[in-house]
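# Per-entry structural report
If you want the building blocks of each chain, they are given just below.
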Amino acid sequence: MPNLGSIRSLQRAALVVFTLLVLAGIWGATAQRILLHRTQLRQYAERELHGAQKTLHAHMRRTLEGVLVLMAGTNLRLSENQQTLPELIDALRRLRQFDPDPADIGFVGHDRQIWRLSVGPGHTADVANRDYVAALAQAEPGTVYVAAVTHSRLSGRQILTLAMKALPNGYGVDIVIGAVPVDHFTAAYSDLLLSAPTYIGILRQDGYVLHMAPDPRGVVGSYLNDGYLEALRLRKGSSGVVQYDNGQSVERLLAGYAMLERLPLTIFVGLDLAELDARWRHGLRRPLLLASLATLLCLGFMALLLLLMRRRDTEAAELHRALLAAEAANNAKRQFMARMSHELRTPLNAILGFSEVLATGILGPLSQTYRGYGRDIHRSGQHLLGLVNQVLEIAKLEAGAMPLEEKPCLLGDLIGEAVCMMQSAADKKRLRIHVGPLPPARLQADPLLLRQMLLNLLSNAVKYSDPGGCIAISVATQPDGLAICVSDTGQGIAEERKQHIFEPFGHGNALLARPDDGFGLGLPIVRALIELHGGRIELRSAPRQGTEATLLFPRQRVIPIAA
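Nothing here was measured: the structure is a model prediction, and the numbers come from that model.

## Considering the overall build of the protein chain
Helix and strand counts for the protein chain stand at 11 helices and 20 strands. The buried share of the protein chain, reckoned over its 563 residues, is 41%. Of all intrachain contacts in the protein chain linking residues separated by at least 6 positions in sequence, the fraction that spans at least 24 positions is 64%. Just so you have it, the protein chain exposes about 30600 Å², and 58% of that area is on carbon and sulfur atoms.

## Side note on unusual backbone geometry
Here asparagine 81, not a glycine, exhibits a phi torsion of approximately 55°, which is positive. If you trace the backbone, asparagine 81 turns up in the loop between helix H1 (4-80) and helix H2 (85-96). Look at arginine 112: it is not a glycine, yet its phi comes out positive at around 65°. Among the structural elements, arginine 112 can be located in the loop between strand S1 (104-109) and strand S2 (113-116).

## Let's talk about the pairing of strand S19 (residues 547-554)
With respect to burial, S19 is a largely interior element, 7 of its 8 residues being buried. With 7 bridges joining them, strand S17 (residues 481-488) and S19 adopt antiparallel strand pairing. Bridge assignment links cysteine 485 to a residue of S19, and that residue is threonine 550. Note: strand S18 (residues 536-541) against S19, 6 bridges, orientation antiparallel. Among the inter-strand pairings, isoleucine 537 is bridged to a residue of S19, identified as leucine 551.

## With respect to the packing of aromatic side chains
Applying the stated criterion across every chain yields a total of 3 aromatic pairs. Taking 5.0 Å as the distance between ring centres and 65° as the angle between the ring planes, the aromatic pair formed by tyrosine 208 and tyrosine 223 counts as edge-to-face. Of this pair, tyrosine 208 sits in the loop between strand S8 (198-204) and strand S9 (209-213) while tyrosine 223 sits in the loop between S9 and helix H5 (228-236), and the two are 15 residues apart along the sequence. Residue tyrosine 208 is classed as buried on the basis of its relative accessible area of 13%. On the accessibility criterion, tyrosine 223 (46% relative accessible area) is partly exposed.

## Concerning helix H6 (residues 273-282)
All of the buried residues in H6 are Leu273, Leu276, Asp277 and Trp280. Down the axis of H6, the buried set is contained in an arc of 100°. They therefore lie on one face. Its side-chain oxygen at 3.0 Å from the backbone nitrogen of alanine 274, aspartate 272 defines the N-terminal cap of H6.

## Some thoughts on helix H11 (residues 522-532)
For H11, every residue scored as buried is listed here: Gly522, Leu523, Pro524, Ile525, Val526, Leu529 and Ile530. Note on H11: the residue one or two positions beyond its end, glycine 534, has a positive phi of about 85°.

## Section: the sheet that holds strand S15 (residues 441-445)
Pairing within the open sheet is antiparallel, and its 3 strands lie in the order S13-S15-S20. Strands at the two margins of the open sheet, each flanked by one partner only, are strand S13 (407-410) and strand S20 (558-560). Each strand axis lies, on average, 40° off the axis of its neighbour in the sheet, ignoring direction. Bridge count between S13 and S15: 4 bridges; the pairing is antiparallel. Across the sheet, residue cysteine 409 finds its bridge partner in S15, namely leucine 443. Contacts between helix H9 (residues 411-428) and the sheet are confined to S13 and S15, with S13 contributing the most and set at about 65° to the helix.

## Here we look at the sheet that holds strand S12 (residues 265-272)
One key point about sheets: their strands pair by backbone hydrogen bonds, in either a parallel or an antiparallel sense. Pairing is antiparallel across the open sheet formed by 5 strands, whose spatial order is S9-S8-S12-S11-S10. Every other strand in the sheet has two partners, leaving S9 and strand S10 (239-244) as the edge strands with one partner each. With strand direction ignored, the average angle separating the axes of adjacent strands in the sheet is 20°. Bridging between S10 and strand S11 (residues 253-259) involves 6 bridges; their strand directions are antiparallel. Within S11, the residue paired with glycine 240 across the bridge is tyrosine 257.

What counts, and at which threshold
- Residues numbered from 1 in each chain as written.
- Predicted model: local features only at pLDDT ≥ 70, side-chain atom pairs only at ≥ 80, totals over all residues.
- Heavy atoms only, no water.
- Helix = DSSP H or I, 4+ residues; strand = E, 2+ residues; numbered from the N terminus.
- Buried < 20%, exposed > 50% of the residue type's maximum accessible area, 1.4 Å probe, protein only.
- Contact = heavy atoms within 4.5 Å.
- Areas by Shrake-Rupley, 256 points an atom, 1.4 Å probe, with all protein chains shown as cover.
- Pairing = 2+ DSSP bridges.
- Phe/Tyr/Trp six-rings, centres within 6.5 Å; stacked < 30°, edge-to-face > 60°.
- Arc of directions from axis to C-beta.
- Polar contact = N/O pair within 3.5 Å; in protein donor to acceptor, adjacent residues only side chain to side chain.
- Axes fitted to C-alpha atoms, helices over the stretch in contact; angles between N-to-C directions.

Structure (structure tokens):
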């Protein structure tokens with residue numbers, strides 16, 4: 001079996017393991033909460049972007065398709081050649097009034113000079129170097145080209161230019177231009193998302209970046225990876241939310257995009273994932289603080305328990321040392337009592353012998369006074385020898401040196417012998433001893449020790465009973481064994497004395513004890529002897545109600561007698 005030190009080490013290890021499991025649970029739950037917060041933040045951003053790209057798509061389509069319709073109507077009027085140029089300009093200006101977001105219509109002649117409908121033919125500028133001029137030089141009439149964002153030479157604003165190859169006409173117009181100011185889109189989309197910072201951009205389907213705001217790294221005018229938008233269309237469709245990891249303006253971008261159906265354009269609104277992660281990290285403070293506090297409390301509680309366990313171990317060690325010291329002292333006491341008892345027997349036997357010689361006058365006649373002294377010495381010596389024998393007996397019992405010689409005993413014979421031995425003392429106090437009916441059974445026990453138990457109980461009953469009282473002995477079989485009860489009509493034992501009744505040298509009724517009561521070893525010897533037989537003794541007593549002592553023998557010691 002493991003010793004006490006091993007058990008305590010296991011307890012400490014179990015406490016440490018339990019604490020580690022609790023800490024793992026705390027930090028596991030914290031990590032789960034952190035990851036859940038990150039997932040929820042990402043999902044919220046995706047929902048926000050999804051709604052934003054729909055709004056952007058609707059606004060961009062309405063704006064640019066309105067420009068296309070205006071350009072197509074203008075191109076058709078030019079091809080009809082039914083009005084003079086002033087009349088045509090006036091009609092086109094009236095047509096633009098129906099558009100809530102009017103775009104400026106421009107005309108590029110074969111001489112590569114451009115003039116705007118808003119300012120008239122008198123203000124022209126050379127656009128021979130514009131990309132749409134080269135792109136539409138050999139194009140079919142009605143072909144539309146989305147040009148790069150440029151600064152207008154007339155207004156100085158950045159404009160997104162839609163160019164359409166003109167139908168043959170008599171006004172010398174080669175290209176019809178629809179110019180939309182870029183800040184028109186920027187102002188419309190600036191408050192679209194609550195999350196910041198946001199990026200709003202317009203891409204040509206070949207990957208050319210027409211517009212992006214903000215543009216801290218100047219990516220407008222550059223191209224995305226070759227074929228990226230077409231691959232995105234095939235993979236996820238013409239609209240959705242995508243993570244872009246190859247951007248030049250930001251390292252990682254979560255973007256909601258939408259591709260226009262009638263124009264080779266893609267608009268997008270995006271969130272910088274680095275900023276999204278920064279917002280997530282900012283939200284880590286509270287769960288990490290709570291987890292840290294819980295960890296400190298858990299570690300503090302474990303430290304307190306370890307301290308208490310260490311204090312308990314120290315106290316237990318001190319108690320163990322005290323028990324060892326008490327056991328050593330008890331062993332020394334038993335050895336001293338046994339040695340003293342043996343040493344006292346020799347001079348006591350001499351005292352008893354010589355006092356008997358003096359009392360009987362064997363060696364010659366003595367005066368009556370000296371013979372009385374001899375009888376007193378002999379009586380006191382016998383009393384002292386009896387006490388010494390009791391001390392020796394209790395020492396043997398405590399040392400486990402009392403042999404048990406068992407055999408079937410007739411209870412009637414043993415009880416009769418004990419009553420006969422105590423009858424003289426009972427008669428002196430006018431006490432009556434009554435023996436009840438005996439059951440048909442024998443008892444497997446040591447007859448000498450059983451007789452001694454009966455004598456000790458009867459002796460106590462005689463000692464502590466008032467003159468004229470009664471002592472009763474009864475025997476009964478029980479389901480769990482056999483009971484021998486000795487009761488008297490004495491003064492009884494006070495409640496506060498009962499806890500010391502079976503202690504050696506303790507008197508249960510010390511307040512009523514006579515000078516010749518002895519050392520109080522009778523009941524301790526009885527308890528030791530009955531426990532040697534595997535039984536127990538029970539005592540019932542109350543002041544002025546007498547005392548009842550019961551010897552309970554186990555069932556296996558009862559031998560029934562056949563009828």
